[in-house]
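# Structural overview
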Amino acid sequence: MEPQNLLGGPAPTELPDNEEARQSLEAGVDPFEVAARFPAYPAAWAELADRAFGKGDVIESYAYARTGYHRGLDALRRAGWKGHGPIPWEHPSNQGFLRALNALARAAAAIGEDDEAERCRTFLRDSSPTAAEVLAT
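Structure report, in brief.

What counts as what
- Residues numbered from 1 in each chain as written.
- Predicted model: local features only at pLDDT ≥ 70, side-chain atom pairs only at ≥ 80, totals over all residues.
- Heavy atoms only, no water.
- Phe/Tyr/Trp six-rings, centres within 6.5 Å; stacked < 30°, edge-to-face > 60°.
- Helix = DSSP H or I, 4+ residues; strand = E, 2+ residues; numbered from the N terminus.
- Buried < 20%, exposed > 50% of the residue type's maximum accessible area, 1.4 Å probe, protein only.
- Lys NZ or Arg CZ within 6 Å of the ring centre and 35° of its normal.
- Salt bridge = Lys/Arg side-chain N within 4 Å of Asp/Glu carboxyl O.

### Examining the packing of aromatic side chains
Summed over all chains, the structure comprises six aromatic pairs. Note on W45 and Y64: the rings are 6.2 Å apart at their centroids and 35 degrees apart in plane angle, and the pair reads as tilted. Of the two residues, W45 is situated in helix 3 (residues 42–54) and Y64 in helix 4 (residues 58–78); the sequence distance between them amounts to 19 residues. W45 gets classed as buried once you look at its relative accessible area, which sits at 14%. Measuring from ring centre to ring centre gives 5.9 Å for F97 and F123, while their planes differ by 65 degrees; the resulting arrangement is edge-to-face. Highlighted residues: F97 in helix 5 (residues 95–110) and F123 in helix 6 (residues 114–127), separated in sequence by 26 residues. Across the pair, exposure class does not vary: F97 and F123 are buried alike. Against the face of F53 rests R106, its NZ or CZ located 4.4 Å from the ring centre.

Now the structure itself:
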């Protein structure tokens, strides 16, 4: 008998690990290098977005976050995601996408794109309440 999802929604989507890219970031390789070598790796773009925002480069942060967000959406679709459903923070490979989504919400708010900021915040909460809580700090 196949397991059933008793909550009635889609099963959580878990992105595959990109071990080489992840280990590069963990080892302190510059995220510019990681993004150039692994452009589909959302965590590199999220790191670039966070760094740029921290330096006050909001437009740069927005661009990096948007790239990470879109590369993450591509990966989610390849992993079977149908446009809705849980993307758990607890699965480490999902964290880059969720961080990019959060960074996009933050940068959009900073440039006055309030509708986009709210859509991103809602998407983050709906995808992973844990990520919304963790990233709010």
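Next comes the rest of the account.
### A look at the pattern of salt bridges
Taken as a whole, this structure holds 11 salt bridges when the rule is applied. Here R22 and E26 are joined by a salt bridge, their closest N and O atoms 3.4 Å apart. Taken together, the positions of R22 and E26, both in helix 1 (residues 19–26) and four residues apart, correspond to about one turn of that helix. One salt bridge connects D74 with R77, and the closest N-O pair in it is separated by 3.9 Å. Taken together, the residues D74 and R77, both in helix 4 and three residues apart, mark about one turn of the helix. Overlapping salt bridges, with partners in common, bring together E47, D50, R51, R99 and R106 in one network.

Keep in mind these values describe shape, not function.
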